[in-house]
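A closer look at the structure
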Amino acid sequence: MLLGRVVGTLVASRKEATMEGLKFLVVRQIDVDDADTSGYVVAVDGVGAGVGEVVMYATGSSARQTAATRDRPCDAVIMAIVDTWEVGGDVKYVK
Amino acid sequence: MLLGRVVGTLVASRKEATMEGLKFLVVRQIDVDDADTSGYVVAVDGVGAGVGEVVMYATGSSARQTAATRDRPCDAVIMAIVDTWEVGGDVKYVK
Amino acid sequence: MLLGRVVGTLVASRKEATMEGLKFLVVRQIDVDDADTSGYVVAVDGVGAGVGEVVMYATGSSARQTAATRDRPCDAVIMAIVDTWEVGGDVKYVK
Amino acid sequence: MLLGRVVGTLVASRKEATMEGLKFLVVRQIDVDDADTSGYVVAVDGVGAGVGEVVMYATGSSARQTAATRDRPCDAVIMAIVDTWEVGGDVKYVK
Amino acid sequence: MLLGRVVGTLVASRKEATMEGLKFLVVRQIDVDDADTSGYVVAVDGVGAGVGEVVMYATGSSARQTAATRDRPCDAVIMAIVDTWEVGGDVKYVK
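Computed from a predicted model, the values in this text were never measured in an experiment. (Residues numbered from 1 in each chain as written. Chains lettered and ligands numbered in written order. Predicted model: local features only at pLDDT ≥ 70, side-chain atom pairs only at ≥ 80, totals over all residues. Heavy atoms only, no water.)

Side note on the relation of the copies chain C and chain B
- With an RMSD of 0.0 Å, the fit of chain C onto chain B corresponds to turning through 72° and sliding 0.0 Å along the axis. In the structure described here, the two chain copies are related by an operation that fits a five-fold rotation axis.
- The two copies present different faces, since only 3% of the interface residues in chain C are matched by interface residues at the equivalent positions in chain B. (Least-squares fit on C-alpha atoms with pLDDT ≥ 70 in both. Contact = heavy atoms within 4.5 Å.)

Spelled out as structure tokens, the structure:
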């Protein structure tokens, strides 16, 4: 999984029927020092994440292993809201 | 999913038989500020997208989770036409 | 899918038994302006492509969704020979 | 698989229910000379790895081929703790 | 598939039980001119490859489509030993 910060929301009224009712969040990828990278993904929210929260997301077929996304054309899902992580003994982020 | 702008169309008369009848669109990947990137993909259209529209596309096995693409050698599908998104409270795109 | 130009052929006599009889083509990835990129892939030919032709290829599990490649350790397949495409109203390639 | 060094731990109390009880480790990708790269992944631990250890991890659907991760939204798993490797006859790492 | 040169071997005694008995090879990715790139992968050997040989490897779920790797947490497999390839009429490599 990769780390990201939810930076925004997206609306798409015309979409695959199986995607109806899902929430799309714009996620900026961050590195292990909690700094922004140039990467992003639009992910389906599986855990009730909100703008500003730091999350973990899974991509590819693993993004379909949730009740919300199974058998749907979804290749990125937020599967956890991060409380904290540390690297080399230093706390890099606390919610 | 990633964001893209449909910039063109592609014709391939000789192809896997299971790909007959599908529409191929040339999609320029864009970033969350609606700016072009160097990335592109040729995607199958699952939602009636047209040239000039901003779309979301799914790749990998997730691209086969639509009626049009199931069990076909397709690794990119347009699964939504984007109405709008915002980042940090700023509207970045409106259809 | 991505666009590529078939630039060569490859022979591998010692290989997974399920790959016997398949044709391996060296494919240079090209961009939407028909210019070479630094990327390449060795793909199984599913459509009778020849050296010099511009093709579309699928990667990952989607590369196994053809009669030739199903259930085989193949992660790239040529699934179409391109006739033409256009970007922004300009024809970028004609066979 | 890629090589990585376990550099930290991550806690996420709010997550997909199927991810309960799994251990998340922050893994810095390393190259074949045992030098750090800019890449990282947060991986589920399948083998009892600890901070400081050099591991191999698998990504994508292959990350779900363990008892701990099957059918879960997990796209990276540590599937081995590395004892040693050599390149060109030189031992690059010994545990 | 991508081209690589087997540059070394790796030992990991503590690993997923399903990976027991598999041979891990360190593979340097090469380009179509037979030159080294910065990429590498640790791949399971499916064809009896040895150090110094040029091989083709498959990644992702396709890496599990061999008898040795099926249903295992393996995302890279050597599925062929390369005899020769040519690009633009020039032989780039002969075993």
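Notes on the packing of aromatic side chains
All names here are of chain A.
- On inspection of all chains with the given rule, the structure shows 5 aromatic pairs over all chains.
- A centroid spacing of 5.4 Å and a plane angle of 25° characterise the contact between Trp85 and Tyr93, whose relative ring orientation is stacked.
- Using a relative accessible area of 1% as the deciding quantity, one classes Trp85 as buried. (Phe/Tyr/Trp six-rings, centres within 6.5 Å; stacked < 30°, edge-to-face > 60°. Buried < 20%, exposed > 50% of the residue type's maximum accessible area, 1.4 Å probe, protein only.)

Some thoughts on the pairing of strand β8 (residues 90-94) of chain E
All names here are of chain E.
- The sheet contact formed by strand β7 (residues 84-87) and β8 spans 4 bridges and is antiparallel. Counted as the bridge partner of Glu86 is Val91 from β8.
- In textbook terms, the turn of a hairpin is the stretch between consecutive antiparallel strands, and for β7 and β8 this stretch comprises 2 residues, one of which, Gly88, has a positive phi near 60°. (Pairing = 2+ DSSP bridges. Helix = DSSP H or I, 4+ residues; strand = E, 2+ residues; numbered from the N terminus.)

Focus on the relation of the copies chain C and chain E
- The operation relating chain C to chain E is a screw motion whose rotation component is 72°, with 0.0 Å of axial translation and a residual RMSD of 0.0 Å.
- Little of the interface of chain C is mirrored in chain E, where only 4% of its interface residues again form contacts.

A look at the environment of Met1(C)
- Locating Met1(C) in the fold gives a position in the segment before β1 (2-11).
- Along the sequence, Met1(C) and Ala80(C) sit 79 residues apart, while their C-alpha atoms lie 9.9 Å from each other.
- Other than its neighbours up to four places away in sequence, Met1(C) contacts Phe24(B), Val41(B), Val42(B), Val44(B), Pro73(B), Cys74(B), Asp75(B), Ala76(B), Met56(C), Tyr57(C), Ala58(C) and Met79(C).

Comments concerning the pattern of salt bridges
- Applying the stated criterion to the full structure yields 30 salt bridges over all chains.
- Note that Asp33(C) and Lys92(C) form a salt bridge whose closest N and O atoms lie 2.9 Å from each other. Pair noted here: Asp33(C) is in the loop between β3 (24-30) and β4 (36-45) and Lys92(C) is in strand β8 (residues 90-94), with a separation of 59 residues, a long-range link.
- Taken together, the shared-partner salt bridges connect Arg5(A), Asp34(A) and Asp36(A) into one network. (Salt bridge = Lys/Arg side-chain N within 4 Å of Asp/Glu carboxyl O.)

Remarks on the interface of chain C and chain E
- Taken together, the contacts link 27 residues of chain C with 29 residues of chain E.
- Carbon and sulfur atoms supply 53% of the area that chain C and chain E bury against each other, a total of about 2,300 Å² over both sides.
- Applying the counting rule to chain C against chain E returns 0 salt bridges.
- Remark: the boundary between chain C and chain E carries 16 residue pairs in polar contact (both at pLDDT 80 or more).
- If one sorts the elements of the side of chain C that touches chain E by residue count, β1(C) sits on top with 5 residues.
- Looking at side-chain class alone, the side of chain C that touches chain E contains 14 nonpolar, 5 polar and 8 charged residues. (Buried area = accessible area lost by both parts, 1.4 Å probe. Polar contact = N/O pair within 3.5 Å; in protein donor to acceptor, adjacent residues only side chain to side chain. Nonpolar A, V, L, I, M, F, W, Y, C, P; charged D, E, K, R; others polar.)

Taken by themselves, the reported measurements are silent on function.
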